[in-house]
Amino acid sequence: CDWSSDVCSSDLLQYSLAQFTGQFPGRHIPWTAASAPVFAVNSYATNNYFHFMVDSLAQLHWTSRLPAPAKWIVSGYPPAAEATLPFIPSALSAAGIDGAALAPFDGTLLFCPLVMFPRRVTGADPARVGWLRRRFAVEGRARGSARLYITRRGARRRIVNEGAVIQALQRFGFTTIDPGGLSVPEQVQRFSEAAIVVGSHGAALTNAAFMAPGAALIELTHEARVVPTYHELASAARLAYGVVVGKPEGNVEQPILADFSVPPAVVVAAVE
């Protein structure tokens, strides 16, 4: 096309635009459009509770410093896919985020006049934890008194001697809960009331972000899966932190999937 000639005039542009918009909203090619600026915080793994809450949702702390009002993309999934991950709509509702703030996005292509991304880093920091505490209305609460043991029954990375661990913790007044069976507001409430939480390395420990400063988190893991994720979160949330490292059971080619055991006496020592 010779843009210096009259051949590529407004008629041709209008024809091209008509052909393009004729595909909307994805009858033949998958795409959507947004007329307002878009702020996209969806991370690489928002189907995981930790990555959704910490790496995506909590990144909305940047919105107070955006140069212009913008629609938000938080999960990166269309509504039908979000429905298969109930913690996403539960968390959005609990954080006071309704559909009016969100940009429709089907996970494919999005055309918009301006898109903004926060720096792509994973893990907790004080700004993210502070935003979560404010939006879920637990900021400023005094340290609770509950003592919680977090079970992962039916999930990967099970503690094979969990019965012995629970029995050892009974004399300290621990209550066993399974956050996977609770809504996001219920998880926030239980953790915000806790003085100490003991639990296996896993997404449920994300809720330590809602514990009051001065509370304590004890993570249980095994020697093939020692990562700083929840130590970082505890530091950002101003919690005391301890870890008990046990032994993996069976094949550890994929340590993230391995069941493991921990010495109950060492768990007791950590609690004490």
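Scroll up for the structure.
Parameters and conventions
Residues numbered from 1 in each chain as written. Predicted model: local features only at pLDDT ≥ 70, side-chain atom pairs only at ≥ 80, totals over all residues. Heavy atoms only, no water. Core = buried A, V, L, I, M, F, W, Y, C linked by side-chain atoms within 4.5 Å. Buried < 20%, exposed > 50% of the residue type's maximum accessible area, 1.4 Å probe, protein only. Helix = DSSP H or I, 4+ residues; strand = E, 2+ residues; numbered from the N terminus. Contact = heavy atoms within 4.5 Å. Arc of directions from axis to C-beta. Pairing = 2+ DSSP bridges. Salt bridge = Lys/Arg side-chain N within 4 Å of Asp/Glu carboxyl O. 1 Å grid on protein atoms, 1.4 Å probe; cavity = no way out; pocket = protein on both sides within 12 Å on 5 of 7 lines; lining within 4 Å. Points joined across faces, edges and corners; volume = space filled by probe spheres on them. Nonpolar A, V, L, I, M, F, W, Y, C, P; charged D, E, K, R; others polar. Phe/Tyr/Trp six-rings, centres within 6.5 Å; stacked < 30°, edge-to-face > 60°.

Considerations on the nonpolar core
Most often, soluble globular proteins keep nonpolar side chains buried together rather than apart.
Then comes step 1: Ranked by internal contacts, the top residues of the largest apolar core, which has 50 residues, are Met53, Leu57 and Phe136.
Then comes step 2: Of all elements in the fold, only helix H2 (49–56), helix H4 (87–94), helix H5 (126–135), strand E6 (146–150), helix H7 (184–192), strand E8 (194–200) and helix H8 (229–236) reach the threshold of two or more residues within this core.
Then comes step 3: Among the elements that line this core, the one with the most residues is H2, at 5 residues.
Then comes step 4: Those residues within four positions of Met53 in sequence are excluded, and the remaining contacts are Ala58, Ala91, Leu132, Phe136, Val184, Thr206 and Phe210.
Then comes step 5: Residues Val165, Ile166, Val198 and Leu220 belong to the second largest nonpolar core, which totals 19 residues.

A short note on the environment of Lys71
Then comes step 1: Within the secondary structure layout, Lys71 lies in strand E3 (residues 71–73).
Then comes step 2: The spacing of Lys71 and Ala101 is 30 residues in sequence and 5.5 Å in space, taken between C-alpha atoms.
Then comes step 3: What Lys71 contacts, discounting residues up to four positions off in sequence, is Ala36, Pro37, Val38, Phe39, Ala100, Ala101, Leu102 and Ala103.

Observations concerning H7
Then comes step 1: Turning to H7, its buried residues are Val184, Gln187, Val188, Phe191 and Ser192. One side of H7 carries all its buried residues, which in axial view fall inside an arc of 125°.
Then comes step 2: Elements that come into contact with the buried residues of H7 comprise H2, H4, E6, strand E7 (175–177) and E8.

Topic: the sheet that holds strand E5 (residues 115–116)
Then comes step 1: Reading across the sheet, the 3 strands line up as E3-E2-E5 and stay open at both edges, with parallel pairing between neighbours. Edge strands, defined here as strands with exactly one partner in the open sheet, are E3 and E5.
Then comes step 2: Inspection of the sheet shows strand E2 (residues 38–40) paired to E3 by 3 bridges, in the parallel sense. Paired with Ala40 across the two strands is Ile73, which belongs to E3.

Side note on the pattern of salt bridges
Then comes step 1: Enumeration over the complete set of coordinates arrives at 6 salt bridges.
Then comes step 2: One salt bridge in this structure joins Arg128 and Asp125, with 3.5 Å as the shortest N-O distance.
Then comes step 3: For Asp125, a relative accessible area of 27% gives the class partly exposed.
Then comes step 4: Across the pair Arg158 and Asp259 runs a salt bridge, and its minimum N-O distance is 3.1 Å. With a gap of 101 residues between them, Arg158 in the loop between E6 and helix H6 (162–170) and Asp259 in the loop between strand E10 (240–248) and strand E11 (260–261) connect regions that are remote in the sequence.
Then comes step 5: By relative accessible area, Arg158 is classed as partly exposed at 43%.
Then comes step 6: Connected via shared salt-bridge partners are Asp55, Asp125 and Arg128.

Notes on the layout of surface pockets
Then comes step 1: Roughly 820 Å³ of volume is contained in the largest pocket.
Then comes step 2: In terms of lining, the largest pocket is formed by 35 residues, of which the most central are Asn48, Tyr49, Gly202, Ala203 and Ala204.
Then comes step 3: Listing elements by their share of the lining of the largest pocket, those giving two or more residues are H2, H4, H7 and H8.
Then comes step 4: Its residues assigned to classes, the lining of the largest pocket shows 16 nonpolar, 12 polar and 7 charged.
Then comes step 5: For the second largest pocket, the calculated volume is near 210 Å³.
Then comes step 6: Considering the residues around the second largest pocket, the lining is formed by 15 residues, among which Tyr77, Glu82, Leu102, Ala103 and Phe105 are closest to the centre.
Then comes step 7: Counting residues per element, the ones that place at least two in the lining of the second largest pocket are E3, helix H3 (79–82) and H4.
Then comes step 8: Residues that form the lining of the second largest pocket fall into these classes: 12 nonpolar, 2 polar and 1 charged.

Topic: the packing of aromatic side chains
Then comes step 1: This structure, assessed with the given rule, holds 4 aromatic pairs.
Then comes step 2: Joined through ring pairs, the aromatic side chains of Tyr49, Phe52 and Phe87 make up one cluster.

Thoughts on the pairing of E6
Then comes step 1: Note: E6 against E8, 5 bridges, orientation parallel. Paired with Leu148 across the bridge in E8 is Val197.
Then comes step 2: Note that E6 and E7 share 3 bridges and pair parallel. Bridge pairing in E7 links Tyr149 to Thr176.

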